Amino acid sequence: MTPPRRVDVHELEAGVLAGDRSALGRAITLIESSLARDQALARELGERILPHTGAGIRVGITGVPGVGKSTFIETLGRQLTARGTKVAVLAVDPSSTRSGGSILGDKTRMQELARDPLAFVRPSPSRGSLGGVARRTREAILLCEAAGYEVVLVETVGVGQSETMVAGMVDCFLVLMLAGAGDELQGIKRGILELADLVAINKADGDNVERARRARVEYARALHLMPRKSVHWDVPVLTCSGVSGEGVDVLWAEIERFQAALSASGEWEANRAQQRVQAMWRAIEWGVLEVFGEHEQVRGRMRTVELDVREGRLAPDHAAAELLAVFRGPAQD
């Protein structure tokens with residue numbers, strides 16, 4: 001069996017900074033690895049490329065399954081590359097419970113964009129991370145910026161807490177909605193709308209144009225009643241079609257207007273600074289969980305405690321307190 005090739009961080013750094021898509025793919029694979037030696041190399045690579053990051057626009061895109069996210073992203077990406085803009089797409093897929101790999105495989109759903117020399121499309125399995133967001137998505141964004149990509153689009157799975165997680169690592173959060181779904185103003189949508197910097201009613205084409213216009217009015221009214229996310233920005237509601245491309249250029253112009261408004265107020269960089277601090281604390285949480293799970297005494301007790309919880313003999317809170325006491329060790333006088 002051929003041993004795995006040793007990663008040369010200097011070579012990988014040079015490839016990423018040169019915009020080599022193959023090197024960028026290998027770099028993202030490295031940061032996604034759970035092996036301790038790979039994580040050490042990934043941290044070194046991250047430190048090396050950090051001075052070359054920050055120039056891109058980071059846009060999170062979410063919407064319920066069926067809203068047409070991938071079609072919309074491919075259309076937007078192709079419009080941007082046609083203008084000479086380099087675009088990276090990080091599509092966080094649900095993971096297979098068997099292999100841990102991506103289920104949806106966005107390269108198969110964005111075939112034309114994936115072939116574009118100015119684009120980079122990367123599906124990343126969530127591997128069970130909270131909300132379906134890949135644990136290393138933020139680091140992947142930075143690698144894409146270091147590789148010269150001027151726009152980084154992060155597509156969420158569109159379920160649960162993935163919206164909150166992605167909104168906390170991008171500059172602009174776009175929510176795609178459907179018209180005529182019958183639940184435009186239900187409470188489940190309110191939480192998503194509160195995260196939005198822009199809202200777009202997708203699939204505004206064919207017989208659906210008038211329904212999309214009516215939905216736009218309803219969402220605009222709903223947003224008017226909600227607290228403003230930023231004092232420097234009123235969230236616009238637009239209509240567009242990922243299939244025909246109608247309205248997609250107008251939407252991108254709004255994203256550029258959003259960037260200009262927040263940059264002028266200082267909020268753009270202030271948001272990024274806060275996100276960097278949040279990323280530090282998330283890394284600490286993950287690190288503590290790893291140390292906890294590898295603790296010899298905790299591992300020795302974990303199976304018994306889990307069985308007691310499973311069979312109802314021990315309350316979850318009490319079980320957690322017991323394992324944490326084992327982790328902390330004997331109290332010091």
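Above: the structure in question.
What counts, and at which threshold
Residues numbered from 1 in each chain as written. Predicted model: local features only at pLDDT ≥ 70, side-chain atom pairs only at ≥ 80, totals over all residues. Heavy atoms only, no water. Helix = DSSP H or I, 4+ residues; strand = E, 2+ residues; numbered from the N terminus. Buried < 20%, exposed > 50% of the residue type's maximum accessible area, 1.4 Å probe, protein only. Contact = heavy atoms within 4.5 Å. Areas by Shrake-Rupley, 256 points an atom, 1.4 Å probe, with all protein chains shown as cover. Core = buried A, V, L, I, M, F, W, Y, C linked by side-chain atoms within 4.5 Å. Axes fitted to C-alpha atoms, helices over the stretch in contact; angles between N-to-C directions. Parallel < 35°, antiparallel > 145°, perpendicular 65-115°, else oblique. Nonpolar A, V, L, I, M, F, W, Y, C, P; charged D, E, K, R; others polar. Salt bridge = Lys/Arg side-chain N within 4 Å of Asp/Glu carboxyl O. Polar contact = N/O pair within 3.5 Å; in protein donor to acceptor, adjacent residues only side chain to side chain. Patch = residues over 30% accessible without salt bridge, like charges linked within 9 Å, V, L, I, M, F, W, Y side chains within 5 Å. Phe/Tyr/Trp six-rings, centres within 6.5 Å; stacked < 30°, edge-to-face > 60°. Lys NZ or Arg CZ within 6 Å of the ring centre and 35° of its normal. Pairing = 2+ DSSP bridges.

1. Considerations on the overall build of the protein chain
A count of helices and strands for the protein chain gives 14 helices and 7 strands. By residue count, 46% of the 333 residues in the protein chain fall in the buried class. Summarising the internal contacts of the protein chain: among those between residues at least 6 apart in sequence, 73% fall at separations of at least 24. By element, 54% of the accessible surface of the protein chain is carried by carbon and sulfur atoms, the whole surface being about 17600 Å².

2. Topic: the environment of Leu-176
Residue position: Leu-176 is located in strand S5 (residues 172-177). Residues Leu-176 and Ile-61, spaced 115 residues apart in sequence, show a C-alpha to C-alpha distance of 7.3 Å. Setting aside its immediate chain neighbours within four residues, Leu-176 contacts Ile-61, Thr-62, Gly-63, Val-67, Lys-69, Phe-72 and Ala-200.

3. Focus: the nonpolar core
Ranked by size, the top nonpolar core spans 45 residues in total, and within it Leu-24, Leu-45, Leu-143, Cys-144 and Ile-201 carry the most contacts. If one sorts the elements of this core by residue count, helix H7 (residues 137-146) sits on top with 6 residues. Excluding its chain neighbours within four sequence positions, the residues that come into contact with Ile-201 are Met-177, Leu-178, Ala-179, Ala-212, Ala-215, Arg-216, Tyr-219, Val-237, Leu-238, Thr-239 and Cys-240. Counting 31 residues, the second largest nonpolar core, distinct from the first, contains Val-87, Met-110, Ala-119 and Leu-174.

4. Observations concerning the packing of helix H11 (residues 248-265) against helix H12 (residues 267-294)
Close contact between H11 and H12 brings their axes to 5 Å; oriented N to C, the two are set at 85°. In terms of their interaxial angle, H11 and H12 are classed as roughly perpendicular. Judged by residue contacts, Phe-258, Gln-259, Leu-262, Ser-263 and Ser-265 of H11 engage Glu-267, Trp-268 and Asn-271 from H12. Tallied by class, residues from the contact of H11 with H12 come to 3 nonpolar, 4 polar and 1 charged.

5. Here's the deal with the environment of Gly-300
Mapped onto the secondary structure, Gly-300 falls in helix H13 (residues 296-310). Overall, Gly-300 belongs to the exposed group, its relative accessible area being 58%. Separated by 26 residues in sequence, Gly-300 and Val-326 place their C-alpha atoms 9.8 Å apart.

6. A closer look at the pattern of salt bridges
It is possible for side chains of opposite charge to pair when their charged atoms get near one another. Under the definition given, this model contains 16 salt bridges. A salt bridge links Asp-197 to Lys-229; the shortest N-O distance between them is 3.2 Å. With Asp-197 in the loop between helix H9 (187-195) and strand S6 (198-201) and Lys-229 in the loop between helix H10 (209-224) and strand S7 (237-239), this residue pair connects regions lying 32 residues apart in the sequence. The class for Lys-229 is partly exposed, based on a relative accessible area of 40%. With its nearest N and O atoms 3.8 Å apart, the salt bridge here joins Glu-210 to Arg-213. Separated by 3 residues within a single helix, Glu-210 and Arg-213 lie in helix H10, roughly one turn from each other.

7. Things to note about the side chain of Asn-202
Position of Asn-202 among the secondary structure elements: in the loop between S6 and H10. There is a polar contact of 3.1 Å between the side chain of Asn-202 and the backbone nitrogen of Gly-242. For Asn-202, the contacting residues outside a window of four places in its chain are Val-67, Gly-68, Phe-72, Met-177, Leu-178, Asn-208, Cys-240, Ser-241 and Gly-242.

8. Here we look at a nonpolar patch on the surface
Together, Val-277, Met-280, Trp-281, Ile-284 and Val-288 line one region of the surface with nonpolar side chains, adding up to about 460 Å² of accessible area. In this structure Ile-284 comes out as partly exposed when scored by relative accessible area, which is 37%.

9. A few points about the packing of aromatic side chains
With the rule as written, the count across this model stands at 4 aromatic pairs. An aromatic cluster is defined as three or more aromatic residues linked by ring pairs; in this entry it consists of Trp-233, Phe-258 and Trp-268. The lysine or arginine in question, Lys-86, covers the ring of Tyr-149, its NZ or CZ lying 4.4 Å from the ring centre.

10. Some thoughts on unusual backbone geometry
At Lys-203, a residue that is not glycine, the phi angle is positive and equals roughly 65°. Within the element layout of this structure, Lys-203 appears in the loop between S6 and H10. Lys-203 gets classed as partly exposed once you look at its relative accessible area, which sits at 33%.

11. Here we look at the pairing of strand S1 (residues 57-62)
Counting buried positions along S1 yields 6 of 6 residues, so the element is predominantly enclosed. Side-chain alternation along S1 places Ile-57, Val-59 and Ile-61 on one buried face and Arg-58, Gly-60 and Thr-62 on a second face that is also buried. Judged from the 5 bridges that link them, S1 and strand S4 (residues 151-155) form a sheet pairing that is parallel. Following the sheet pairing, Gly-60 is matched in S4 by Val-154. One ladder, built from 4 bridges, connects S1 with S5; its direction is parallel.

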